[in-house]
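Structural features, examined
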Amino acid sequence: MLSHAYDLVRSNRGAPGIDGVTFAAIEAGIGKDAYGAYNHPARDKHSYGFRPKRSAHDAVKAVTDGLFQGKTQVIDADLSKYFDTIPHAKLMAVVAERVVDGGVLALIQQWLKAPVIEEDQQGKRRPSGGKGNRKGTPQGGVISPLLANLYLHLLDRIWERHDLERRLGARLVRYADDAVILCRGDSQPAMAVLETVLERLELTLNRDKTRVVDAREQAFNFLGFRIKRARSRRTGKAYPHVEPSKRAEQRIKARIKELTARRRTPVPMPQMIKEVNQVLRGWSGYFHYGNCTKVLGRVRWFTEERVRTQLRRRHQVRARTRGYERFSYAHLHDVLGLFKLPHTAGWKSAHASA
């Protein structure tokens, strides 16, 4: 933002401020990039969260690449109450490596100390935290995910500086506080490094939820996807199988069920279809990836059945078979405009068109 503002003022031939520093003095001295509030460190290769030109799908691709390379011993790490336990002092020290503007740092500090309004079991709203609070970033706060991602940068830095992927045969892939380490062989050295770094950060590994998975035998979840190394029935070759997780499938079905519930029968059908479509588009936009065909098919069938049930109820069609005849696939999608979930995985569609 500051860089863009600088360019705008420069193009308008803006005059020096109260400090008398001109553009020529800046560019001949410390340079444009060093002038202002922010220093940008080199981008590491392990973190994918909240970074330009990087996405959750890129993180999943890094995981599947590791499986292709034989790194099948997977540390599926889980941090205990991560957002609630980040120490403010160390977090601010990490932020200060990148932000030198005192006003911005003070604003972040005040935001961390601000009380959060919580609702108790009786439904009463009360403040939590406040000036005496020295740990945690409020979940739901707009800047919390960014700060949480920034604080774990030390883990990325150690992995890169010590070349641990090559030395330990262990690939770290992290998206904010979701992290997996894919190991070729023994996973204990990588686990030891992980625990040491987290201890320095005053964070705790959740022993009950953290596990080491042999991806040749078991699946693990990462960023909403269920991942496992499988074998093709056609060729017999091993490949990383990536599909929406069971929880992701259950959540979209639960949402569709809520939108098409009996109590919502008074809602006009066009409005209901619009709401269902918004949910389906967002979900498929993320999960139309990898080997998703079967899951997409189940979600598509479930949605069509829920809409048919609504239509039978509204039009007083009792027989289930008559419902299929009257409210066919074509009627649901071409007449009512129900969103058509893809029938095939994205990579299959790409190969077909090629």
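The written sequence of each chain sets the order in which its residues are numbered from 1. Thresholds applied to this predicted model are a pLDDT of at least 70 for local features of residues and 80 or more for the giving and counting of side-chain atom pairs; totals over whole chains, interfaces and linings are not thresholded and use all residues. Only hydrogens and water are set aside; all other atoms, that is, all heavy atoms of the structure, feed into the side-chain values.

1. What about the sheet that holds strand β4 (residues 170-175)?
- The 4 strands are arranged β4-β5-β1-β6 in an open sheet whose pairing can be described as antiparallel. Every interior strand has two partners, whereas the edge strands, β4 and β6 (211-214), have only one. Neighbouring strand axes in the sheet, compared pairwise and without regard to direction, differ in orientation by 20 degrees on average.
- When DSSP finds two or more bridges between two strands, those strands count as paired. Secondary structure is summarised from DSSP: a helix means a run of H or I of at least four residues, a strand means a run of E of at least two, and numbering begins at the N terminus for each. By the bridge criterion, 6 bridges tie β4 to strand β5 (residues 178-183) in an arrangement that is antiparallel. Note on β5: the bridge partner recorded for A170 is C183.
- The sheet contacts of helix α3 (residues 56-68) involve β1 (73-77), β4 and β5, and relative to β4 the element is tilted by about 165 degrees.
- Any two residues whose heavy atoms approach within 4.5 Å at even a single point are treated as in contact. A fitted line through C-alpha atoms represents every axis, and for helices the fit uses only the stretch in contact; the resulting angles, taken between N-to-C directions, go from 0 to 180 degrees. Helix-sheet contacts for helix α8 (residues 153-161) involve β4 and β5, and the interaxial angle to β4 is about 155 degrees.

2. What to know about the packing of aromatic side chains
- A pair of aromatic rings is counted whenever rings of Phe, Tyr or Trp (Trp by its six-membered ring) have centres within 6.5 Å, and the orientation is called stacked for planes under 30 degrees apart, edge-to-face for over 60 and tilted otherwise. According to the stated counting rule, one finds 6 aromatic pairs in the structure shown.
- Each ring, one from W283 and one from F287, has its centre 5.0 Å from the other, and the planes form 35 degrees; the classification is tilted. With W283 and F287 both in helix α12 (residues 269-287) and 4 residues apart, the pair spans about one turn of that helix.
- Burial classes follow relative accessibility: with a 1.4 Å probe on protein chains only, a residue under 20% of its type's maximum area counts as buried, one over 50% as exposed, and anything between as partly exposed. The exposure class assigned to W283 is buried, which follows from its relative accessible area of 9%.
- Linked through ring pairs, F225, W283, Y286, F287 and Y289 together constitute an aromatic cluster.
- In this structure, R54 is placed above the aromatic ring of Y48, and the distance from its NZ or CZ to the ring centre is 4.7 Å. Look at NZ for Lys and CZ for Arg. If either is within 6 Å of the ring centre and within 35 degrees of the ring normal, a charge sits over the ring.

3. Things to note about the packing of helix α5 (residues 88-96) against helix α6 (residues 102-113)
- Here α5 crosses α6 at 155 degrees, and the two axes come no closer than 11 Å. Judged by the angle between their axes, α5 and α6 are roughly antiparallel. Crossing of α5 against α6: the hand is right-handed. Touching H88, L91, M92, V95 and A96 of α5 are L105, I108, Q109, L112 and K113, all from α6.
- Side-chain classes follow a simple rule in which Ala, Val, Leu, Ile, Met, Phe, Trp, Tyr, Cys and Pro form the nonpolar group, Asp, Glu, Lys and Arg form the charged group, and the remainder, Gly included, forms the polar group. Split into classes, the residues belonging to the contact of α5 with α6 amount to 7 nonpolar, 2 polar and 1 charged. Orientation is classified from the angle alone, with under 35 degrees giving roughly parallel, over 145 giving roughly antiparallel, 65 to 115 giving roughly perpendicular, and any other angle giving oblique. By convention, the crossing between two helices is left-handed when the near helix turns anticlockwise from the far helix through less than a right angle, and right-handed when the turn is clockwise.

4. Regarding the sheet that holds strand β9 (residues 238-244)
- On the basis of which strands lie adjacent, the open sheet formed by 3 strands has the order β7-β8-β9 and antiparallel pairing. What marks the edges here is a single partner per strand, and that holds for β7 (220-222) and β9. Neighbour to neighbour, the strand axes of the sheet diverge by 35 degrees on average, direction disregarded.
- Two strands pair when backbone bridges link them, and β7 and strand β8 (residues 225-231) are joined in this way by 3 bridges, in the antiparallel orientation. Within β8, the position partnered with F220 by the bridge is I227.
- With respect to the sheet, α3 is in contact with β7, β8 and β9, its orientation differing from that of β9 by roughly 155 degrees.

5. Observations concerning the side chain of H88
- Tracing the backbone shows H88 in helix α5.
- The buried category is assigned to H88, whose relative accessible area is 3%.
- When near neighbours in sequence (up to four residues on either side) are disregarded, H88 contacts L112, K113, N133, R134, K135 and G136.

6. Here we look at α8
- Every buried residue of α8 is listed here: H153, L155, D156, I158 and W159.
- The elements touched by buried residues of α8 are α7 (144-151), α9 (164-168), β4, β5 and α10 (188-200).
- One or two positions beyond α8, positive phi appears at D163, with a value near 50 degrees.

7. Section: the pattern of salt bridges
- A carboxyl oxygen of Asp or Glu within 4 Å of a side-chain nitrogen of Lys or Arg is what we treat as a salt bridge. Per the stated rule, a full pass over the model turns up 17 salt bridges.
- Here D65 makes a salt bridge to K61, at a shortest N to O gap of 3.0 Å. You can see D65 and its partner K61 sitting in helix α3, 4 residues apart, about one turn around the helix.
- For R264, the salt bridge goes to E275, with nearest N and O atoms at 2.8 Å. With R264 in the loop between α11 (246-259) and α12 and E275 in helix α12, this residue pair connects regions lying 11 residues apart in the sequence.

8. Re the nonpolar core
- Put simply, a nonpolar core is a bunch of buried Ala, Val, Leu, Ile, Met, Phe, Trp, Tyr and Cys residues held in one set by side-chain atoms that sit within 4.5 Å of each other. Counting residues in hydrophobic clusters, the biggest one holds 45 residues, and the most contacted among them are V63, V173, V180, F220, F222, I227 and W283.
- Listed by contribution, the elements that provide at least two residues to this core are α3, β5, β7, β8, α11, α12 and α13 (293-315).
- By residue number, the principal contributor to this core is α12, which donates 8 residues.
- Apart from the residues lying within four places of it in its own chain, the contact partners of V180 are V63, V74, I75, D76, R171, L172, V173, F220 and F222.
- Counting residues in hydrophobic clusters, the runner-up holds 36 residues, among them L79, L91, A190 and L205.

9. As for the environment of G285
- Position of G285 among the secondary structure elements: in helix α12.
- When its relative accessible area of 54% is taken as the criterion, G285 is described as exposed.
- Between the C-alpha atom of G285 and that of L341, which follows or precedes it by 56 residues, the distance is 9.7 Å.

10. What about the packing of α12 against α13?
- At a minimum axis distance of 12 Å, the contact between α12 and α13 shows a crossing angle of 170 degrees. Here α12 lies roughly antiparallel to α13, going by the angle between them. In contact with M269, M272, I273, V276, L280 and W283 of α12, α13 contributes V295, L296, V299, T303, V307, Q310, L311 and R314.
- Here the residues of the contact of α12 with α13 are counted per class, giving 11 nonpolar, 2 polar and 1 charged.

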